[in-house]
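Here's the letter readout for the chains.
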Amino acid sequence: MIALLLTLELIARVLAGEVGPLGTDAMVLVASTMQERRASGEYGDTWGQVLAGYHAEAPATETARQVAWALVTGRVPAIGFAFVYSDQDMVMMHWSEGDLILRRQKLGLHFRRE
């Protein structure tokens, strides 16, 4: 039980960090990238291993905790996007725009299939 609570809190902190002020729909999309990675098996077998590929973290919000719970209970589907990155990451790493781009408040998240 304690391991589950710690996992939920870690997922919620990563979701809050990756999404910032972009809202619940962005959080669910980022969670779907986590589900995609976990389902593929290419990023590890545990949530901790999957989360190692995400580099942002912030204090967990109640919404992030709810999305984390939905994720670990199988209610967030993998929808084909394995990667998510910000506008800033795109410029720094010389990556192309994502297959899906979510923009709000001058911030953007790019979702890519490969």
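Above this text sits the structure in question.
Keep in mind it's a predicted model, so treat the numbers as computed, not measured.

S.K.: How should I be thinking about unusual backbone geometry in this particular structure?
M.R.: A negative phi angle is the norm for most residues apart from glycine, just as the trans form is the norm for most peptide bonds. The phi angle at His94 is positive, at roughly 60 degrees, despite the residue not being glycine. In this structure, Gln105 takes a positive phi of about 50 degrees despite not being glycine. Summarising the element assignment, Gln105 is placed in the loop between β2 (100-104) and β3 (107-112). Owing to a relative accessible area of 59%, Gln105 belongs among the exposed residues under this scheme.

S.K.: Where do I start with helix α4 (residues 62-72) in this structure?
M.R.: For an α-helix, the turn length of 3.6 residues means that residues three or four places apart are oriented alike. Of the positions making up α4, those classed as buried are Ala64, Val67, Ala68, Ala70 and Leu71. All buried residues of α4 lie within an arc of 160 degrees about the axis, which places them on one face of the element. Buried-residue contacts for α4 involve α1 (2-19), α2 (24-40) and α3 (47-51). At the C-terminal side of α4, Gly74 shows a positive phi close to 80 degrees.

S.K.: Would you take a moment to explain the side chain of Ser32 for this structure?
M.R.: Its location among the elements puts Ser32 in helix α2. Once residues within four sequence positions are removed from consideration, Ser32 is found in contact with Val76, Pro77, Ala78, Ile79 and Phe81.

S.K.: Honestly, a nonpolar patch on the surface in this entry has me stumped. Any pointers?
M.R.: On the surface, a cluster of nonpolar side chains totalling about 450 Å² of accessible area is made up of Met1, Leu4, Leu5 and Trp69. With respect to the helices, strands and loops of the structure, Met1 is situated in the segment before α1. Given the relative accessible area of 74%, Met1 is considered exposed.

S.K.: Looking at this structure, how should I read the packing of aromatic side chains?
M.R.: Centre-to-centre distance and the angle between the planes together describe a pair of aromatic rings. In total, this model carries three aromatic pairs according to the counting rule given. Relative to Phe83, the ring of Tyr43 lies with its centre 6.5 Å away and its plane at 80 degrees, an arrangement referred to as edge-to-face. With Tyr43 in the loop between α2 and α3 and Phe83 in strand β1 (residues 83-86), the pair connects residues that are 40 residues apart, well separated along the chain. Overall, Tyr43 belongs to the partly exposed group, its relative accessible area being 27%.

S.K.: Can you walk me through the side chain of Arg37 in this structure?
M.R.: Relative to the assigned elements, Arg37 resides in helix α2. Glu18 provides the closest opposite charge to the buried, unpaired Arg37, separated from it by 8.2 Å. A distance of 2.6 Å separates a polar atom in the side chain of Arg37 from the backbone oxygen of Ala82. Other than its neighbours up to four places away in sequence, Arg37 contacts Glu42, Tyr43, Val50, Gly53, Tyr54, Ala82 and Phe83.

About the criteria used
Residues numbered from 1 in each chain as written. Predicted model: local features only at pLDDT ≥ 70, side-chain atom pairs only at ≥ 80, totals over all residues. Heavy atoms only, no water. Helix = DSSP H or I, 4+ residues; strand = E, 2+ residues; numbered from the N terminus. Buried < 20%, exposed > 50% of the residue type's maximum accessible area, 1.4 Å probe, protein only. Arc of directions from axis to C-beta. Contact = heavy atoms within 4.5 Å. Patch = residues over 30% accessible without salt bridge, like charges linked within 9 Å, V, L, I, M, F, W, Y side chains within 5 Å. Areas by Shrake-Rupley, 256 points an atom, 1.4 Å probe, with all protein chains shown as cover. Salt bridge = Lys/Arg side-chain N within 4 Å of Asp/Glu carboxyl O. Phe/Tyr/Trp six-rings, centres within 6.5 Å; stacked < 30°, edge-to-face > 60°. Lys, Arg positive; Asp, Glu negative; His and termini not counted. Polar contact = N/O pair within 3.5 Å; in protein donor to acceptor, adjacent residues only side chain to side chain.

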